[in-house]
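Chains, contacts and geometry: an overview
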Amino acid sequence: MGMTMTQKILAAHAGLDSVEAGQLIEAKLDVVMANDITGPMAVPVFRQMADKVFDKDKVILVPDHFTPNKDIKSAENSKSIREFAKEQGLTHYYEVGQMGIEHAILPEKGITVAGECIIGADSHTCTYGALGAFSTGVGTTDIATGMATGELWFKVPSAIKFVLTGKPGPYVSGKDIIIHIIGRIGVDGALYKSMEFVGDGIASLTMDDRFTMANMAIEAGAKNGIFLIDEKAEEYMKEHSKRDYKIYAWSESDRDQLLHEIKAKEMTDERIQEFMKAEKWVDYQEVFTKRFELSRRLSLEEALERAEIEPEGKFHDGLDDAVNTAYLIEKLELNPEYQLVSYEMPDKPSEHLCSTLGELFAGLNLNFA
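The model shown is predicted, which means the values in this text are computed figures rather than measured ones.

Quick look at the pairing of strand E1 (residues 24-28) now. Residues Ile 25 and Ala 27 of E1 are buried on one face, while the alternating residues Leu 24, Glu 26 and Lys 28, pointing to the opposite face, are not. Inspection of the sheet shows E1 paired to strand E7 (residues 151-155) by five bridges, in the antiparallel sense. What sits directly across from Ile 25, in E7, is Phe 154.

So this is what it looks like as structure tokens:
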């Protein structure tokens, strides 16, 4: 059985020939990063495990959330990691004159490259997947463990493969595309999965576009986001870094993996403007609550009847009635007042559900490997 790009990287760092989704592994780390919020919490935990970091070149500290400091507490936090960096002789500590957004600094400084296994105590650490690395956010205890041992355990994620085709319209950025994708799969549509971006459409994306899209993988609940490396990405790494890198390409994984094809050429500025005008600017929690209140009041059988769908048992055995009903309410406009905020794709969609989704998701073709 083939492996995804993420799985290949994890297998290599675990010293294994192959891994599969759901497998627990211990992987060696190339980069361990913390900031001025998470670093001060990780240091005391680190001191319970070790006196010295595993590698002074691979532990990175960037005070960026509250630097320049706004008050005494934020100043104390910065002081904590500043002193720790000096004590440990860390190569990469960025503060006054060099500070900034951590996820912009690391690629620009050439610290992150393709094929690496990276953890950071910030949820948007998935940004570095734009350079073909496995990169994910973790908690402060895991960061402390990584700083002390240079290793961490992972549950190998399954993947959603996004094939980007065509060229985005004028003024359409990577932010527009990833919001479009998340709007289709939902804010938990990639829960603990790797979002893997491939296809000829990548060539039309700038590196800033790719960093933005990988950065927002967490907004779909993903474990990480990762791009297939092309010439543009290689040029970026050669310009910014002197480190060796390794490119991992996609190979077909098992048939339970989902394949989404995003037609970038359909993402025009006019379409985005129409979407923005039609969008109901309401509180997320309010919509979420109303959706399920309505789904509880309206039974699945009633929803199927209104949608003129002949029920064959449950609509989909992998989902509970409330979710199925909420799906029908929104997608078939049984009550336009309510909308579906989040819909988690089942791992093994039924043939009926596949055809229904294929008809309803405008601008998104779904095929299943």
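We are not done yet, so read on.
Taken together, the buried positions of helix H8 (residues 231-240) are occupied by Ala 233, Tyr 236 and Met 237. Seen along its axis, H8 keeps its buried residues to an arc of 95 degrees; they face one direction. For H8, the exposed residues lying more than 90 degrees away from the buried face are Glu 231, Glu 235, Lys 238 and Glu 239. Those residues of H8 that are buried are in contact with helix H4 (102-108) and helix H7 (207-215). A distance of 3.3 Å separates the backbone nitrogen of Lys 232 from a side-chain oxygen at the start of H8, and that oxygen is part of Asp 230.

All right, on to the packing of aromatic side chains then. The relation between two aromatic rings is expressed through the spacing of the ring centres and the mutual angle of the planes. Under the counting rule described, the total for this entry stands at five aromatic pairs. Where Phe 134 meets Phe 154, the ring centres are 5.4 Å apart and the plane angle is 90 degrees; that geometry is what we call edge-to-face. Highlighted residues: Phe 134 in strand E6 (residues 134-137) and Phe 154 in strand E7, separated in sequence by 20 residues. In terms of burial, Phe 134 and Phe 154 fall into one category: buried. Here the aromatic rings of Phe 211 and Tyr 236 are separated by 5.5 Å at their centres, their planes lie at 65 degrees, and the arrangement is edge-to-face. With a gap of 25 residues between them, Phe 211 in helix H7 and Tyr 236 in helix H8 connect regions that are remote in the sequence. The residues Phe 211 and Tyr 236 share a single accessibility class, namely buried. Connected via pairs of aromatic rings, a cluster forms that spans Phe 162, Phe 197 and Phe 227. Positioned above the aromatic ring of Tyr 192, the side-chain terminus of Lys 155 is 6.0 Å from the ring centre.

This part takes up the environment of Val 198. For Val 198, the position within the fold is in strand E9 (residues 193-198). Separated by 35 residues in the primary sequence, Val 198 and Val 163 have C-alpha atoms spaced 4.9 Å apart. Beyond its immediate sequence surroundings of up to four residues, Val 198 is in contact with Met 5, Lys 161, Phe 162, Val 163, Leu 164, Leu 228 and Trp 250.

The rules we used
Residues numbered from 1 in each chain as written. Predicted model: local features only at pLDDT ≥ 70, side-chain atom pairs only at ≥ 80, totals over all residues. Heavy atoms only, no water. Buried < 20%, exposed > 50% of the residue type's maximum accessible area, 1.4 Å probe, protein only. Helix = DSSP H or I, 4+ residues; strand = E, 2+ residues; numbered from the N terminus. Pairing = 2+ DSSP bridges. Arc of directions from axis to C-beta. Contact = heavy atoms within 4.5 Å. Polar contact = N/O pair within 3.5 Å; in protein donor to acceptor, adjacent residues only side chain to side chain. Phe/Tyr/Trp six-rings, centres within 6.5 Å; stacked < 30°, edge-to-face > 60°. Lys NZ or Arg CZ within 6 Å of the ring centre and 35° of its normal.

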